[in-house]
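Results of the structural survey
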Amino acid sequence: MGKDVEAAVEGGEFTAKDYTDPPPALLIDAEELTKWSLYRAVIAEFIATMLFLYITVATVIGYKHQSDPNVGGADAACSGVGILGIAWAFGGMIFILVYCTAGISGGHINPAVTFGLLLARKVSLIRALLYMIAQCLGAICGVGLVKGFQRAYYDRYGGGANELSSGYSRGTGLAAEIIGTFVLVYTVFSATDPKRNARDSHVPVLAPLPIGFAVFMVHLATIPITGTGINPARSLGAAVIYNNEKAWDDQWIFWVGPLIGAAIAAAYHQYVLRASAAKALASFRS
């Protein structure tokens, strides 16, 4: 086990750690606007979110067409990839895209993830806002590509839009989005924690893998309830292109839920698991 004694000892000193926490990001860092690395990261977020929505929404539309009894007959229900395949599409694409973009933008691909990292002071406010704008625009473009290539089926099969399923209350849908996003953002914090990387250095840990699996598992649980949002950009992009009244009526669930879930995950990881508040208090007392 690595060294992890962080409580104050006599004299007010702290023992050495076997890992280094990066300093908190500045809330307003105007200097970032002069750096190409910021714009490169924003472009990476736009392209990654566009690819994510194109592949996943195309998978949803394709499955609904293949399982349509008016097209495939009596056995249509057994055709296509099914809910399991859709969950794999979302989780697999997140794994691929986080792996590809982690070294450039951090591989957020989700405004809720960006919001959680902003609250934990991992990114600046300027970077967070630009990321969210890029993610939403990328999602709109990605779904637009699906409609352009599958126009005959897009509107017929719901456009891949997130809507609250019949039989579920809005409170249930909101709770599903909060819990699902909590699982995702909690996994992001855990998979990228420098303390974990130091302790588990003898075990190769590929951060995109648990993040992709978290998305996969959450989809299995919540597709029947809300179609699984946990990503406001994904829900907004589909709603903008599909432009259906029901999708817009339920849209608030897919923003409020994920943002609350991300905030809870950030607070839990930073102030409970990492004990940031306790460390600050111990330092002040010393």
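Residues numbered from 1 in each chain as written. Predicted model: local features only at pLDDT ≥ 70, side-chain atom pairs only at ≥ 80, totals over all residues. Heavy atoms only, no water.

For clarity, the threshold we go by: UniProt positions are given in the numbering used here, feature names are shortened, and annotations may be inferred rather than shown by experiment.
The protein chain appears in an unreviewed UniProt entry as Aquaporin PIP2-4 from Cocos nucifera. As recorded by UniProt, the Subcellular location (unreviewed entry) comment attached to the protein chain reads in full: "Endomembrane system". Of the protein chain, the UniProt comment under Sequence similarities (unreviewed entry) reads exactly: "Belongs to the MIP/aquaporin (TC 1.A.8) family. PIP (TC 1.A.8.11) subfamily."

1. Observations regarding the confidence of the model for the protein chain
Put simply, the test is: Residue-level confidence of the predictor, termed pLDDT, takes values from 0 up to 100. Any two residues whose heavy atoms approach within 4.5 Å are treated as being in contact.
Scored by pLDDT, the protein chain comes out at a mean of 86, with 83% of its residues at no less than 70. Across residues 1-16 the pLDDT falls below 50, and counting only partners more than four positions away or on other chains, this stretch makes 24 contacts in the model.

2. Some details on the nonpolar core
The following threshold applies: Here, nonpolar core means buried Ala, Val, Leu, Ile, Met, Phe, Trp, Tyr and Cys residues that are tied together by side-chain atoms lying within 4.5 Å of each other. Each residue is placed in one exposure class: buried if its accessible area under a 1.4 Å probe, protein chains only, is under 20% of its type's maximum, exposed if it is over 50%, and partly exposed if it falls in between. The way it works is that DSSP assigns letters per residue, a run of H or I at least four long becomes a helix, a run of E at least two long becomes a strand, and they are numbered from the N terminus.
With 50 residues, the main nonpolar core has F52, V143, L184 and I211 as its most contacted residues. Listing elements by their share of this core, those giving two or more residues are α1 (36-66), α3 (82-101), α4 (111-119), α5 (125-149), α7 (170-191), α9 (208-226), α10 (232-242) and α12 (253-273). Ranked by size, the runner-up nonpolar core spans five residues in total, among them L38, A41, V42 and A134.

3. Let's talk about the packing of aromatic side chains
Our working rule: Pairing of aromatic rings covers Phe, Tyr and Trp, the last through its six-membered ring, and needs centres within 6.5 Å; plane angles under 30 degrees mean stacked, over 60 mean edge-to-face, and all others mean tilted.
Enumeration according to the criterion identifies ten aromatic pairs in this entry. On the basis of an interplanar angle of 85 degrees and a centroid distance of 6.0 Å, the ring pair of Y54 and F149 is categorised as edge-to-face. In this pair, Y54 sits in helix α1 while F149 sits in helix α5, placing the two residues 95 residues apart along the sequence. Judged by relative accessible area, F149 falls into the exposed class, the value being 60%. Seen from their ring centres, Y153 and Y157 are 6.2 Å apart, and the 35 degrees between their planes marks the pair as tilted. Relative accessible area serves as the criterion here: at 29%, Y153 is assigned to the partly exposed category. Clustering of aromatic rings is evident, with ring pairs tying together W88, F213 and F216.

4. Digging into the UniProt feature "transmembrane region" (unreviewed entry) in the protein chain
Look at the UniProt record and you will see "transmembrane region" (unreviewed entry) annotated at residues 42-63, 83-104, 125-146, 173-191, 203-225 and 252-273. Summarising residues 125-146: 100% helix, 0% strand, and an end-to-end C-alpha distance of 32 Å. Structurally, residues 173-191 comprises 100% helix and 0% strand, and the distance from its first C-alpha atom to its last is 27 Å.

5. Considering the environment of F95
For F95, the position within the fold is in helix α3. Contact partners of F95, with chain neighbours within four places excluded, come to L206, P208, L209 and G212.

6. Section: the pattern of salt bridges
Short version of the rule: Note on definitions: salt bridges are taken to be side-chain nitrogens of Lys or Arg within 4 Å of carboxyl oxygens of Asp or Glu.
All chains considered together, the criterion is met by two salt bridges. For R127, the salt bridge is made with E32, and the minimal N-O distance between the two is 2.9 Å. Here the residue R127 occupies a position in helix α5, and E32 occupies one in the segment before α1, the gap between them amounting to 95 residues. Just as R127 is buried, E32 falls in that class too.

7. Thoughts on the layout of surface pockets
Heads up, the condition is: The distinction between a cavity and a pocket rests on a 1 Å grid over the protein atoms alone: a 1.4 Å probe fits inside a cavity but cannot get out, while a pocket stays open yet meets protein on both sides within 12 Å along at least five of seven lines, and a residue with an atom within 4 Å of a point counts as lining. Grid points are joined across faces, edges and corners, and a volume is the space filled by probe spheres set on the points. In the scheme used here, Gly and all other residues not listed as nonpolar or charged are polar, with Ala, Val, Leu, Ile, Met, Phe, Trp, Tyr, Cys and Pro taken as nonpolar and Asp, Glu, Lys and Arg as charged.
For the largest pocket, the calculated volume is near 1000 Å³. For the lining of the largest pocket, the secondary-structure elements that each account for two or more residues are α3, α4, α7, α9, α12 and α13 (276-285). If one sorts the elements of the lining of the largest pocket by residue count, α9 sits on top with four residues. Of the residues in the lining of the largest pocket, the class split is 26 nonpolar, 13 polar and ten charged. Estimated volume of the second largest pocket: approximately 360 Å³. As for the second largest pocket, its lining consists of 19 residues, and the residues nearest its centre are V60, K64, A161, I223 and G227. Elements with a contribution of two residues or more to the lining of the second largest pocket: α1, α3, α9 and α10. Take the lining of the second largest pocket: its biggest share by element is four residues, from α9.

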